[in-house]
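A structural walkthrough
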Amino acid sequence: MTRIAFLGLGDIGTPMAAHLADAFELTVWNRTPAKATAFAGAHKATVAPTAAEAVRGAAVVCTCLSTSVDVESVVASAVSALGPEVVWVDFTSGDPATSQRIAARLAAIGVPFIDAPVSGGTSGAQQGTLTLMLGGDPIVIERVRPVLEAVGKKIVHCGPIGAGDAVKAVNNALLAINLWSAGEGLAALKKAGVPSAVALDVINASSGRSNATMTLIPERVVSRAFPRTFRLALLDKDVGIAAQVARDQKVPSPLLQLAAELMRLAHATLGESADHAEMVKVIERWAGVEIT
Ligand code: NDP
C-alpha cells in the first residue's frame with residue numbers, strides 16, 4: 001500500500017489525516033508531539049519523531065501548516081530524507097511567492113510540489129467533502145489524485161504553482177469582507193431597534209445574503225457559541241496574502257487593502273486563539289451593542 005507522510009495535525013490537518021489513515025499506510029509528525037501521539041491512539045498511523053523520519057520512504061508527503069514559511073522550514077529539515085519518486089502536496093493556505101520558492105528548491109532534486117489549499121472548514125474535512133484548489137503540473141496532480149480524493153470532493157486545477165494559494169486567499173478575503181460588513185450592518189440595525197434574528201430573516205431571503213449571514217452569524221454570533229474551528233490569526237494571514245496578490249498584479253484594490261488592515265486590527269485585539277467569527281466582537285465593542 002502507498003505510504004503517505006502527513007505533517008501538521010492542527011484543527012484541519014487532523015480530520016484530513018484521519019481519512020488518509022483509513023485509505024493508506026500513514027506516518028504522521030507534528031511539531032508538538034502530543035498531538036501526533038493522540039492521533040495514533042485514535043487512528044491507524046505510525047508516529048515519526050522528526051519530519052525527516054516521517055518523509056523517509058513515503059510516496060506522497062502532505063503538509064498542512066499555518067503558513068508557507070512554516071512549510072519552507074519543514075522542507076529544509078526533511079529534504080535530505082526524501083526518496084526519488086516522492087510528490088510533495090501542500091494543503092496549507094499558503095502564499096504564492098513562497099510556494100514557488102519551495103517548488104524550485106524541491107525541483108532541483110527532482111521532487112515535484114503542488115500547492116493544494118482547501119476550503120470547507122473542519123466540518124468539510126471531517127466529512128471528506130473539502131474543495132481543493134491546486135497549483136502545479138497537471139501530470140503530477142494525476143499521480144496523487146487518490147490522495148486528493150481521499151480528503152476532498154471538488155478538485156480544481158487553478159493554474160501553475162501558487163495559483164491554488166492565490167484563489168484560496170481571494171476566497172477568504174471575500175469571507176472576511178462578508179462577515180465584517182454584515183457585522184457592521186447588524187450592529188447598526190440592532191441600535192435602530194431591529195433584533196439580529198429579524199434582520200437575518202429578511203437578509204437571508206434577499207440579495208444581501210452570504211455564507212456569513214446564513215451560517216456563521218446565526219450559528220456562532222447570535223448564539224454566542226463562538227466555537228473555535230478556524231483561527232482569526234489564519235484569516236488575517238489569508239487576507240494579507242490576497243491584498244499582496246492584488247498589489248503584485250497592480251490591480252487597484254482599496255477594499256482588499258482595507259480588509260487586510262481590519263483583519264490585522266481584529267487579530268491584534270483578540271489574540272492568537274480567537275476564532276474568525278469573533279472579529280464581530282470588535283464591531284460590538286465599537287458600537288456598544290451585541291449582535292443578538
Ligand atoms: P492550527 O493553528 O490548528 O494548526 C497549525 C499546525 O501547523 C499545527 O500542527 C502546528 O504545530 C503546525 N505548525 C505551525 N508552525 C509550524 C512550524 N514552524 N513548524 C512545524 N509545524 C508548524 O491551523 P489549522 O489546522 O486550522 O490550519 C492549517 C492550514 O489550513 C492553515 O494554512 C489554514 O489557513 C488552513 N485552513 C484552515 C481551515 C480551518 O477551518 N481550520 C480551513 C481551510 C484552510 P503545533 O501543533 O506544534 O502548533
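Residues numbered from 1 in each chain as written. Predicted model: local features only at pLDDT ≥ 70, side-chain atom pairs only at ≥ 80, totals over all residues. Heavy atoms only, no water.

Check the secondary structure of the protein and you find 14 helices and nine strands. At 20 Å, the protein has a C-alpha radius of gyration in line with the 19 Å of a compact globule built from 292 residues. In terms of overall dimensions, the protein has a C-alpha envelope of 65 × 45 × 30 Å along the principal axes. For the protein, the proportion of its 292 residues judged to be buried stands at 52%. Looking at the protein alone, contacts between residues at least 24 apart form 66% of all its contacts between residues at least 6 apart. In the form shown here, the protein has an accessible surface area of approximately 12,800 Å², with 58% of it arising from carbon and sulfur atoms. Positive and negative side-chain charges of the protein, numbering 25 and 26 respectively, have mean locations separated by a distance of 2 Å. (Helix = DSSP H or I, 4+ residues; strand = E, 2+ residues; numbered from the N terminus. Rg over C-alpha atoms; globule rule 2.2 N^0.38 Å. Buried < 20%, exposed > 50% of the residue type's maximum accessible area, 1.4 Å probe, protein only. Contact = heavy atoms within 4.5 Å. Areas by Shrake-Rupley, 256 points an atom, 1.4 Å probe, with all protein chains shown as cover. Lys, Arg positive; Asp, Glu negative; His and termini not counted. Charge placed at Lys NZ, Arg CZ, Asp CG, Glu CD.)

For the protein, the assigned domains read domain 1 (3-160) and domain 2 (166-287). Contact with domain 1, which involves 13 residues of that partner, is made by 11 residues of domain 2. Across the domain 1 to domain 2 interface the summed buried area is about 930 Å²; carbon plus sulfur atoms make up 60%. The interface formed by domain 1 and domain 2 contains one salt bridge. (Domains from an automatic or database assignment. Buried area = accessible area lost by both parts, 1.4 Å probe. Salt bridge = Lys/Arg side-chain N within 4 Å of Asp/Glu carboxyl O.)

So, on to the packing of helix 4 (residues 68-78) against helix 5 (residues 96-107). Contact geometry for helix 4 and helix 5: axes closest at 9 Å, N-to-C directions at 15 degrees. When the interaxial angle is binned, helix 4 and helix 5 end up roughly parallel. Judged by the twist between their axes, the crossing of helix 4 over helix 5 is left-handed. Between helix 4 and helix 5, the contacting residues are S68, V69, V71, E72, V75 and A76 on the first element and T98, S99, R101, I102, R105 and L106 on the second. Of the residues belonging to the contact of helix 4 with helix 5, the class tally is six nonpolar, three polar and three charged. (Axes fitted to C-alpha atoms, helices over the stretch in contact; angles between N-to-C directions. Parallel < 35°, antiparallel > 145°, perpendicular 65-115°, else oblique. Left-handed = near helix turned anticlockwise from the far one by under 90°. Nonpolar A, V, L, I, M, F, W, Y, C, P; charged D, E, K, R; others polar.)

Among the nonpolar cores identified, the biggest contains 41 residues, and W180, I217, V239, M263 and M279 are the most heavily contacted of them. For this core, the elements supplying multiple residues, two or more each, are helix 9 (163-191), helix 10 (196-203), helix 11 (211-222), helix 12 (232-248), helix 13 (254-270) and helix 14 (280-287). Contacts of V239, omitting those with residues within four sequence positions, involve N172, A173, A176, L256, A259, A260 and M263. Ranked by size, the runner-up nonpolar core spans 35 residues in total, among them M16, V28, V89 and V151. (Core = buried A, V, L, I, M, F, W, Y, C linked by side-chain atoms within 4.5 Å.)

Around the ligand there are 29 residues in total, and D11, N30, T32, K35 and T229 lie nearest to it. One nitrogen or oxygen atom from the main chain of L9 is found 3.3 Å from an oxygen atom belonging to the ligand. At 3.0 Å from an oxygen atom of the ligand is found a side-chain nitrogen or oxygen belonging to R231. For the ligand, the protein covers 91% of the area, taking 900 Å² as the surface of the free molecule. Broken down by secondary-structure element, the contributors of at least two residues to the shell around the ligand are helix 4, helix 6 (121-127) and helix 12. Among the elements that take part in the shell around the ligand, helix 12 stands out by supplying three residues, more than any other. Here the residues of the shell around the ligand sort into nine nonpolar, 11 polar and nine charged. Counting residues domain by domain, the shell around the ligand receives three or more from each of domain 1 (3-160) and domain 2 (166-287). (Near = heavy atom within 4 Å. Polar contact = N/O pair within 3.5 Å; in protein donor to acceptor, adjacent residues only side chain to side chain.)

By the alternation rule, side chains of strand 5 (residues 87-90) split into V87 and V89 and W88 and D90, which are all buried. Sheet topology note: the strand 4 (residues 60-63)/strand 5 ladder contains four bridges and is parallel. Bridge pairing in strand 5 places V60 opposite V87. Since strand 4 and strand 5 lie parallel, the crossover through helix 4 that links them has a hand, and here it is right-handed. (Pairing = 2+ DSSP bridges. Right-handed = clockwise from strand over helix to strand, strands pointing away.)

Our next topic: helix 9. Since the α-helix packs 3.6 residues into each turn, any two residues three or four apart lie on the same face. Compared with an ideal rise of 1.5 Å per residue, which puts 29 residues at 42 Å, helix 9 spans 43 Å between its outermost C-alpha atoms and is within 8% of the ideal. One or two residues past the end of helix 9 sits G193, with phi positive at roughly 100 degrees. (Expected span 1.5 Å × (residues − 1).)

Another aspect to go through is the state of the cysteines. In this structure the tally under the stated criterion is zero disulfides. C64 provides the cysteine sulfur closest to C62, a residue in no disulfide bond, and the two sulfurs are 9.4 Å apart. Free cysteine: C158, not disulfide-bonded; nearest cysteine sulfur from C64 at 17 Å. (Disulfide = S-S within 2.5 Å.)

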